[in-house]
Amino acid sequence: MLTSILLQEAAAQGNGMSTIIMIVLMIAIFYFFMIRPQNKERKRMRDFLESLQVGSKVRTASGVYGKVKEIKDTVIILEVADNVKIKIDKNYIVGSAEEATQESK
């Protein structure tokens, strides 16, 4: 009777340890497949927005292509056609126009 109780206790402790290992493994997988790539992409976008200069050709989230005419704190003035300028929030610039044309080829 005593040995069966001790065996059950040992099995319960081993089971708890394997559960902890599985949880840690799931957290690690979640980090490497979800969180880390998002952080890398966020850093790449932040660096891209900081490197924007007047004259850069960009693409917005809505698919509008234009040339940067003026950069303010949170707003960018884009020229989308001759003498047609629009104001757009800086956060809605998603990439350069050159990258977009290379991806479509």
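In the block above lies the structure referred to throughout.
Residues numbered from 1 in each chain as written. Predicted model: local features only at pLDDT ≥ 70, side-chain atom pairs only at ≥ 80, totals over all residues. Heavy atoms only, no water.

Caption draft 1: Representation of the pairing of strand 3 (residues 75-81) in the model. Of the strand pairs in this sheet, strand 2 (residues 65-71) and strand 3 are connected by four bridges, and their pairing is antiparallel. Within strand 3, the position partnered with Glu-70 by the bridge is Ile-77. As defined by bridge partners, strand 3 adjoins strand 4 (residues 84-89) across six bridges and the pair is classed as antiparallel. Residue pairing across strands places Glu-79 opposite Lys-85, the latter belonging to strand 4. The loop that links strand 3 with its antiparallel partner strand 4 comprises two residues; one of these, Asn-83, has a positive phi angle of about 55°. (Pairing = 2+ DSSP bridges. Helix = DSSP H or I, 4+ residues; strand = E, 2+ residues; numbered from the N terminus.)

Caption draft 2: Geometry of the nonpolar core. The biggest cluster of nonpolar side chains holds 10 residues, and these are Met-45, Phe-48, Leu-49, Leu-52, Val-58, Val-68, Ile-76, Leu-78, Ile-88 and Ile-93. Only helix 1 (2-50) and strand 3 provide two or more residues apiece to this core. With three residues, the single largest contributor to this core is helix 1. Excluding residues that lie within four positions of it along the chain, Ile-88 makes contacts with Thr-60, Thr-74, Val-75, Ile-76, Leu-78 and Ile-93. (Core = buried A, V, L, I, M, F, W, Y, C linked by side-chain atoms within 4.5 Å. Buried < 20%, exposed > 50% of the residue type's maximum accessible area, 1.4 Å probe, protein only. Contact = heavy atoms within 4.5 Å.)

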